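Chain by chain, the residues:
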Amino acid sequence: MALAVTSSSSIAASISSRSNHSSELKAQQMGSFRISEWPSALNFTSRRSSVKPVNAEPKRNDSIVPLAATIVAPEVTEKVETEENYEQLAKDLENASPLEIMDKALEKFGNDIAIAFSGAEDVALIEYARLTGRPFRVFSLDTGRLNPETYQFYDTVEKHYGIRIEYMFPDAVEVQALVRSKGLFSFYEDGHQECCRIRKVRPLRRALKGLRAWITGQRKDQSPGTRAEIPVVQVDPSFEGLDGGMGSLVKWNPVANVPGGDIWNFLRAMNVPVNSLHSKGYVSIGCEPCTRPVLPGQHEREGRWWWEDAKAKECGLHKGNIKLENGAHLNGDGNGAVHANGSAGAVDIFNSPSLVALSRAGIENLARLENRREPWLVVLYAPWCQFCQAMEGSYVELAEKLDGSGLKVGKFRADGEQKAFAQKELQLGSFPTILFFPKHPSRPIKYPSEKRDVDSLMAFVNALR
């Protein structure tokens, strides 16, 4: 049998040529993130092979390299990686400073981690990263509907830190289909989730597929019902990283335990540039149609998607924060409602001798009365809602001022099983909702303003009684 033999010199030439061609290939692109070589960060959830470079050739194609060319196979040794316990790491870093947490994140993941920057006060993350002295990356989601001030701020930040922000954009075909079928402002009618999914969540998903970890500006005091329990580091419960599969991405929240006021003290102390919208009353900043300034007595997230329920104020980027409603229990405030929002330890609010706590039967009777002896002002609330908590002081003060004036001030806990009833019969849109019940037979009048300071509420009452 004839055997085709290829000389070792021709094999070497073929290998050398192919190696030169491989070195000229452009860096791989993943989403909008460029990497010059395959990352070597540890994979904590899988077994990896460590290959010793016996022969430093690129991968061959059998259709090109002759079969008779015998290549020495590289030695392969199995290396078992220990799984990182991020729950324990979060406990270890619970009392650490944001700077220490940032340094740990950048040290651990190097070029495989990036800061998610929204164009708001989370610029503090970039400043903390700079202070570590380590290299860092920043990416941002350009939805196409940001405020002009935010775009200007991006440019300022790039120049201030000498960086290039890695922008992610939504798919043009998806945006076009949404706008053509539903119009430019469909989110006011059927909720913000669909628009956010196209303009924010899917671009984020593409970005994270090129990383093994990301850094966010989430704080526990930011949003009612969704961010109160976030740890400083966690395995991301919603998105996948470079290695694929759930558990392949780590999420760092260095400022999780820092109050918003302390963030601003830090920004001022370090002379960090900020978005000019903040000076106009904006606190939480997102897309222009879905963001507005907050008013006295309002929580910062009340400037986002203000037409929706307070518990729904997540765009999907941090949807892992939202827990399923399970574990019903009595609310203990006399309403007889079953509260199933996951906040079993929620302490009741609006507690004052000048306030009347109404039961379900009580507010049903009040709504049905044709001739009320006195007018009523009633707040529909949920004790876990930070927007309700933010107005507690002003509402209690109002009740005390109106005590003995011939106008009753009350409260009705409208979450849990009472929510559907309140939405249907009491005009509940989001928490808190304030209703005025006049003396004459009439449907209760809903307070239309977002101003919940004592003077504004008093003006509403005086105009109607």
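What you are looking at is a predicted structure, and each value in this text was computed from that prediction instead of being measured.

Definitions and limits used
In every chain, residue numbers begin from 1 and rise along the written sequence. Local features in this predicted model are restricted to residues whose pLDDT is 70 or higher, and side-chain atom pairs enter the listing and the counts only when it is 80 or higher, whereas totals over whole chains, interfaces and linings include all residues. Side-chain metrics rest on all non-hydrogen atoms present in the structure, leaving aside hydrogens and water. Stacked, tilted and edge-to-face are the three classes assigned to paired rings of Phe, Tyr and Trp, where Trp is represented by its six-membered ring and a pair needs centres within 6.5 Å; plane angles under 30 degrees give stacked, over 60 edge-to-face, the rest tilted. Burial classification: accessible surface area is computed with a 1.4 Å probe over protein chains only, and a residue below 20% of its type maximum counts as buried, one above 50% as exposed, and the rest as partly exposed. Only lysine NZ and arginine CZ atoms are considered, and such an atom sits over a ring when it is within 6 Å of the ring centre and within 35 degrees of the ring normal. Think of a 1 Å grid over the protein atoms and nothing else: a 1.4 Å probe that fits but is trapped marks a cavity, an open set flanked by protein within 12 Å on at least five of seven lines marks a pocket, and residues with an atom within 4 Å of a point count as lining. Grid points are joined across faces, edges and corners, and a volume is the space filled by probe spheres set on the points. Where helices and strands are cited, they refer to DSSP runs of H or I of at least four residues and of E of at least two residues respectively, numbered from the N terminus. Any residue outside Ala, Val, Leu, Ile, Met, Phe, Trp, Tyr, Cys, Pro, Asp, Glu, Lys and Arg is labelled polar, Gly included; the first ten of those are nonpolar and the last four are charged. A pair of strands counts as paired when DSSP detects no fewer than two bridges linking them. Fitted lines through C-alpha atoms give the axes, limited to the stretch in contact for helices. The angle between two N-to-C directions lies from 0 to 180 degrees. Throughout, a residue-residue contact means that at least one pair of heavy atoms, one from each residue, lies within 4.5 Å. Each residue carries a pLDDT value, the predictor's own confidence for that position, ranging from 0 to 100. Directions drawn from the helix axis to the C-beta atoms are what define this arc. Angular relationships are summarised with four words: roughly parallel below 35 degrees, roughly antiparallel beyond 145, roughly perpendicular across 65 to 115, and oblique for the angles in between.

## Some points on the packing of aromatic side chains
The geometry of an aromatic ring pair is captured by the separation of the ring centres together with the interplanar angle, meaning the angle of the planes. All told, the structure shown has 13 aromatic pairs when counted by the stated rule. Relative to Phe421, the ring of Phe412 lies with its centre 6.3 Å away and its plane at 85 degrees, an arrangement referred to as edge-to-face. Both residues of the pair, Phe412 and Phe421, count as buried. Each member of the aromatic cluster is reached from another via a ring pair, and the members are Phe117, Tyr151, Phe153, Tyr154 and Tyr167. Its guanidinium or amino end placed over the ring of Phe185, Arg145 lies 4.9 Å from that ring's centre, counting from NZ or CZ.

## Section: empty space enclosed by the protein
This structure, assessed with the given rule, holds five cavities of 30 Å³ or more. Size it by volume and the second largest cavity reaches roughly 100 Å³. Of all the elements, helix H8 (residues 193-208) adds the most residues to the lining of the second largest cavity, at four residues. Here the residues of the lining of the second largest cavity are counted per class, giving seven nonpolar, two polar and four charged.

## What about the sheet that holds strand E5 (residues 113-116)?
Pairing in this open sheet of six strands is mixed, and the strands run E7-E6-E5-E8-E10-E9 from one edge to the other. Two strands bound the open sheet, and with one partner strand each, they are strand E7 (166-168) and strand E9 (233-235). Pairwise comparison of adjacent strand axes, ignoring direction, gives a mean angle of 25 degrees for this sheet. Direction of pairing for E5 relative to strand E8 (residues 213-215): parallel, over a ladder of three bridges. Residue pairing across strands places Ile115 opposite Ile215, the latter belonging to E8. The strands touched by helix H4 (residues 123-132) within the sheet are E5, strand E6 (138-141) and E8, with E5 carrying the most contacts at an inclination of about 145 degrees.

## Overview of the sheet that holds strand E14 (residues 376-381)
Ordered by their spatial adjacency, five strands build an open sheet running E13-E15-E14-E16-E17, and the pairing between neighbours is mixed. Looking at the sheet topology across the chains shown, the edges are occupied by strand E13 (356-357) and strand E17 (445-446). Sheet topology note: the strand E16 (residues 433-437)/E17 ladder contains two bridges and is antiparallel. For Phe436, the partnering residue across the bridge sits in E17 and is Ile445. Relative to E16, helix H14 (residues 454-464) is tilted by about 25 degrees, and along the sheet it contacts E14, E16 and E17.

## So, the confidence of the model for the protein
For the protein, the mean per-residue pLDDT works out to 77, and 71% of the residues sit at or above 70. Low pLDDT, under 50, characterises residues 1-81; the predicted model gives this stretch 85 contacts beyond four residues in sequence or across chains. When the criterion is pLDDT under 50, residues 322-344 qualifies, and its contacts beyond four places in sequence or with other chains add up to 48 contacts.

## Details of unusual backbone geometry
Geometrically, the link from Phe431 to Pro432 is a cis peptide bond, its omega value of -10 degrees lying close to zero. Here the phi dihedral of Asn271 falls at roughly 55 degrees; this positive angle occurs in a residue that is not glycine. For Asn271, the position within the fold is in the loop between helix H9 (260-269) and strand E11 (329-330). One non-glycine residue, Phe350, adopts positive backbone phi at about 60 degrees. Take Phe350: it is sitting in the loop between strand E12 (338-339) and E13. Residue Phe350 is classed as buried on the basis of its relative accessible area of 1%.

## Overview of helix H13 (residues 418-425)
Note on helix geometry: an α-helix contains 3.6 residues per turn, so any two residues three or four positions apart are oriented the same way. Among the residues of H13, Gln418, Phe421 and Ala422 are the ones counted as buried. Taken end-on, H13 shows its buried residues confined to a sector of 95 degrees, consistent with a single buried face. Looking at H13, the residues exposed on the side facing more than 90 degrees away from the buried face are Ala420 and Lys424. Gln427 sits one or two residues past H13 and shows a positive phi near 65 degrees.

## Here's the deal with the environment of Val235
Along the polypeptide, Val235 turns up in strand E9. For Val235 and Val250, which are 15 residues apart along the polypeptide, the C-alpha to C-alpha distance reads 4.5 Å. Setting aside chain neighbours within four positions, we find Val235 in contact with Tyr86, Gly247 and Leu249.

## Some remarks on the packing of H4 against helix H5 (residues 148-161)
Interhelical geometry of H4 versus H5 gives an angle of 10 degrees and a closest axis separation of 12 Å. The angle between H4 and H5 falls in the class roughly parallel. Touching Val123, Ile126, Glu127 and Arg130 of H4 are Phe153, Val157 and Tyr161, all from H5. Tallied by class, the residues present in the contact of H4 with H5 amount to five nonpolar, no polar and two charged.

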